[in-house]
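This is what each chain is made of:
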Amino acid sequence: MVARTVSEVLPTEQKLEGGGFPVRRPFPIAGMSHIDPFLLLDEMGPVDWAPGAAIGAPEHPHRGFETVTYVLQGEMEHADSAGNSGKLSAGDVQWMTAGRGIIHSELPSEEFLRTGGVMHGFQIWVNLPAKDKMMAPRYQDIQSSEIPEVVSDDGLVKARVIAGECMGVSAVIDTMIPISYIHFSLQPRGEICQEIPSGQNCLLYCFAGAISVGSGGSGSGGAAEQVEVGDGQLAVMGDGDSVEISHFDGDVAEVLLLAGEPTGEPVARYGPFVMNTQREIMQAINDFQNGTLVA
Ligand code: CO
């Protein structure tokens, strides 16, 4: 197996999103619009809201891609134009395929708003290939208890398998193109080698502690091509067929692994619409204004 090496480490920018909640965003930023097939990566919070202060993203449209929400702490409520609604609590995942169009809101739950507390989670945007951009919207709401978890034999690495496969365990979420979305928690001296097929793009986002990424795992004595990736940094991996992650000391390191098959298609994006051409973007804006975005 050829271990991938780090080709670039991106910092995060602090932004306010939706109604004004803070996010750490490695992309899209100036100079890095997307990393095919991923269009956006936002770490929401962690933010400690006072009672009555929590905010989210009120009604907004989407077309042409998927939004994936993963809540780590706090509680969100969602509702949309297709009549779906529900709550997302700690550990839950919502994989929403907007397809031809959806209008939805993502807000703190009433109870969370009243009591306040820590909100922390992720939203990523996954592109759809041209042939699926106008598909009927689809929801996969997966409770924390249904997200497969697997622990390494030495007990030092835990993986929550949101999409794809890890240590022989497969995700329950179905994706339109091959995607891996894995949340690793590494204890000191923990290491993991994850297979990622050559040709897929692969990203590692560290959000607690620090990890070493690249070939020549601890004790191997091989060529030192390891790069340290710290809290709030995104490692963009070069090609290969595996990724090696290790964590040496300190507290638990938390990392999201994202990998996917690139669509290889042109990206035209305007806010919440992501299509292939400017003409399709104009169509989406017209459809939204005419009230025909949603079937
Ligand atoms: Co949204």
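Owing to the predicted nature of the structure, the values given are computational and were not obtained by experimental measurement.

Moving on, we get to the overall build of the chain. A tally of helices and strands in the chain yields two helices and 26 strands. Against the globule reference of 19 Å for 295 residues, the chain gives a C-alpha radius of gyration of 19 Å, in line with a compact fold. Taken over the C-alpha atoms alone, the chain extends approximately 65 × 45 × 35 Å along its principal axes. Per-residue burial over the chain gives 53% buried out of 295 residues. For the chain, the proportion of contacts with a sequence separation of at least 24, taken over those separated by at least 6, is 74%. Looking at charge distribution, the chain has the averaged site of its 16 positive side-chain charges lying 7 Å from that of its 39 negative ones.

Time to look at the environment of valine 126. Summarising the element assignment, valine 126 is placed in strand 11 (residues 117-127). Note: C-alpha distance between valine 126 and aspartate 36 (90 residues apart in sequence) is 8.5 Å. Beyond its immediate chain neighbours, meaning those up to four positions away, valine 126 contacts Pro37, Phe38, Leu39, Phe65, Glu66, Val68, Trp95 and Ile179.

With that settled, the discussion passes to unusual backbone geometry. With an omega dihedral of 5 degrees, the bond running from phenylalanine 27 to proline 28 counts as a cis peptide bond. You can see proline 28 is positioned in the loop between strand 3 (21-27) and strand 4 (38-49). At methionine 167, a residue that is not glycine, the phi angle is positive and equals roughly 45 degrees. Taking relative accessible area as the criterion, methionine 167 reaches 33% and is therefore assigned partly exposed.

What follows concerns the confidence of the model for the chain. Averaged over every residue, the pLDDT of the chain is 94; residues scoring 70 or more account for 97%. This model gives residues 217-222 a pLDDT under 50, and the stretch forms five contacts once residues within four places in sequence are excluded.

If you walk across this open sheet you meet the seven strands as 1-22-19-24-17-14-13, and the pairing is antiparallel. Edge positions in the sheet fall to strand 1 (6-10) and strand 13 (149-151), since each of these pairs with one other strand and no more. Within the sheet, the average angular offset between the axes of one strand and its neighbour, ignoring direction, is 20 degrees.

Right, let's talk about the packing of aromatic side chains for a bit. Following the criterion strictly, the structure yields seven aromatic pairs and no others. With 4.9 Å between their ring centres and 70 degrees between their planes, phenylalanine 122 and phenylalanine 207 make a pair best called edge-to-face. Here phenylalanine 122, found in strand 11, pairs with phenylalanine 207, found in strand 19 (residues 201-208); they are 85 residues apart in sequence, far enough to count as distant.

Turning to the pairing of strand 10 (residues 102-108), a few remarks are in order. For strand 10, a buried count of five out of seven residues is recorded, marking the element as mostly surrounded by other parts of the structure. By the bridge criterion, five bridges tie strand 7 (residues 76-80) to strand 10 in an arrangement that is antiparallel. Bridge pairing in strand 10 places alanine 79 opposite serine 105.

Before going further, it helps to spend a moment on the nonpolar core. Among the nonpolar cores identified, the biggest contains 30 residues, and Trp95, Phe122, Tyr181 and Leu234 are the most heavily contacted of them. Judged by nonpolar contacts, the second largest core, of 26 residues, contains Val6, Ala171, Cys206 and Ala259.

Before going further, it helps to spend a moment on the sheet that holds strand 6 (residues 65-73). Taken together, the seven strands give an open sheet; going across it, the order is 2-3-4-11-6-9-12, and neighbouring strands pair in antiparallel fashion. This sheet does not close on itself; its edge strands, each paired only once, are strand 2 (13-17) and strand 12 (138-142). Going from strand to strand, the sheet's axes swing by 20 degrees on average, the running direction of each strand aside.

The next point concerns the pattern of salt bridges. This structure, assessed with the given rule, holds 10 salt bridges. The partner of glutamate 13 in a salt bridge is lysine 15, and the shortest N-O contact between them spans 3.2 Å. In this structure glutamate 13 comes out as partly exposed when scored by relative accessible area, which is 31%. A salt bridge links glutamate 149 to arginine 160, with the nearest nitrogen and oxygen atoms 2.8 Å apart. Of this pair, glutamate 149 sits in strand 13 while arginine 160 sits in strand 14 (residues 157-163); the two residues are 11 residues apart in sequence, bridging distant segments of the chain. Bridged by salt links that share partners, the residues Glu17, Arg25 and Asp42 form one connected network.

Another aspect to go through is the coordination of the cobalt ion. Protein-derived coordination of the cobalt ion comes from His60 (NE2), His62 (NE2), His104 (NE2) and Glu106 (OE), at a distance range of 2.1 to 2.5 Å. Around the cobalt ion, the four donor atoms sit at angles spanning 78 to 174 degrees, and that spread fits a shape best called irregular. Within one chain, the residues donating to the cobalt ion are spaced in sequence as H-x1-H-x41-H-x1-E. Of this pair, histidine 62 sits in strand 5 (residues 57-62) while glutamate 106 is found in strand 10, placing the two residues 44 residues apart along the sequence. For the residue pair histidine 62 and glutamate 106, the accessibility class agrees, reading buried in each case.

Parameters and conventions
Residues numbered from 1 in each chain as written. Predicted model: local features only at pLDDT ≥ 70, side-chain atom pairs only at ≥ 80, totals over all residues. Heavy atoms only, no water. Helix = DSSP H or I, 4+ residues; strand = E, 2+ residues; numbered from the N terminus. Rg over C-alpha atoms; globule rule 2.2 N^0.38 Å. Buried < 20%, exposed > 50% of the residue type's maximum accessible area, 1.4 Å probe, protein only. Contact = heavy atoms within 4.5 Å. Lys, Arg positive; Asp, Glu negative; His and termini not counted. Charge placed at Lys NZ, Arg CZ, Asp CG, Glu CD. pLDDT = per-residue confidence, 0-100. Pairing = 2+ DSSP bridges. Axes fitted to C-alpha atoms, helices over the stretch in contact; angles between N-to-C directions. Phe/Tyr/Trp six-rings, centres within 6.5 Å; stacked < 30°, edge-to-face > 60°. Core = buried A, V, L, I, M, F, W, Y, C linked by side-chain atoms within 4.5 Å. Salt bridge = Lys/Arg side-chain N within 4 Å of Asp/Glu carboxyl O. Donors = N, O, S within 2.8 Å, 3.2 Å for Na, K, Ca; no water. Tetrahedral: all angles 85-135°; square planar, octahedral: opposite > 155°, others 65-115°.

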